[in-house]
Amino acid sequence: MSIVYNRPKSQQANFPMSLKHTLLTLLETEPGSGYDLLKRFRSRLGYFWNASHQQIYQQLKQMLRDELIEFELKPQTDKPDSKIYTVTSTGHKELLGWLKQPVKPSKINDALLVKLYAGKLLDKAVLIAEMAKHREVHANMLNTFLELEQEFLSTPKANQEAIQLPYLTLRRGILGEQAWLVWADEVHAELIK
């Protein structure tokens, strides 16, 4: 899905949000192979942006065609040569252009909320069980985020400044999961009445 901002039609095609901006962001931080990008994507951005490995590799091919990235071959023993991607000046300009544009607030499509909204049609036990499953997922995610926060806090202060903004995205995740769990407690209390 692409989001188009209120820009003149001649410029709209250049700035929709897409996977390419996410990949350009990762490559601006550090060059890497498709596999490196997949690992970094999952460990750094996968908590708030989703893409399959097929989507990532397809996007890399398109970005090469659009001259947003380039690569050097890195020889490997017993494997095909690895392509190490870097951002071109065109790719850098594309990313800066997108970064300067306002983004629309996110909207969610949450099937659990629809199910809860229509919950009067179900036995409460069904909803309690469903909420328990979701609670476990959110509790696990919160624990993962808290572990990542501990890694950040154990980083020497001199190095923390370089990762302060990514840390703030982590804080958003922590607060979001904590809020979800508080809300789940409210739902549970209502369902067991």
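Nothing here was measured: the structure is a model prediction, and the numbers come from that model.

Remarks on the packing of aromatic side chains
Then step 1. According to the stated counting rule, one finds three aromatic pairs in the structure shown.
Then step 2. On the numbers, 6.0 Å between centres and 70 degrees between planes, the contact of Phe71 with Tyr85 is edge-to-face. Note that Phe71 is positioned in strand S1 (residues 69-74) and Tyr85 in strand S2 (residues 82-87), a separation of 14 residues in sequence.
Then step 3. Residue Phe71 is classed as partly exposed on the basis of its relative accessible area of 34%.
Then step 4. Aromatic pair Phe152 and Tyr167: ring centres 3.9 Å apart, planes at 10 degrees, arrangement stacked. Of the two residues, Phe152 is situated in helix H7 (residues 124-153) and Tyr167 in helix H9 (residues 164-191); the sequence distance between them amounts to 15 residues.
Then step 5. Owing to a relative accessible area of 13%, Tyr167 belongs among the buried residues under this scheme.
Then step 6. The ring of Phe71 has Lys83 sitting right over it, with the charged end atom 4.8 Å from the ring centre.

Thoughts on the nonpolar core
Then step 1. Ranked by internal contacts, the top residues of the largest apolar core, which has 19 residues, are Leu23, Leu24, Ile56, Leu60 and Ile69.
Then step 2. At five residues, helix H2 (residues 19-29) tops the list of elements feeding residues into this core.
Then step 3. Those residues within four positions of Leu23 in sequence are excluded, and the remaining contacts are Ile56, Gln59, Leu60 and Met63.

Remarks on the environment of Leu113
Then step 1. Within the secondary structure, Leu113 sits in helix H6 (residues 111-117).
Then step 2. Relative accessible area serves as the criterion here: at 36%, Leu113 is assigned to the partly exposed category.
Then step 3. Linking Leu113 and His53, residues 60 residues apart in sequence, is a C-alpha distance of 29 Å.
Then step 4. If sequence neighbours within four positions are ignored, Leu113 has contacts with Ile108 and Trp183.

The rules behind each value
- Residues numbered from 1 in each chain as written.
- Predicted model: local features only at pLDDT ≥ 70, side-chain atom pairs only at ≥ 80, totals over all residues.
- Heavy atoms only, no water.
- Phe/Tyr/Trp six-rings, centres within 6.5 Å; stacked < 30°, edge-to-face > 60°.
- Helix = DSSP H or I, 4+ residues; strand = E, 2+ residues; numbered from the N terminus.
- Buried < 20%, exposed > 50% of the residue type's maximum accessible area, 1.4 Å probe, protein only.
- Lys NZ or Arg CZ within 6 Å of the ring centre and 35° of its normal.
- Core = buried A, V, L, I, M, F, W, Y, C linked by side-chain atoms within 4.5 Å.
- Contact = heavy atoms within 4.5 Å.

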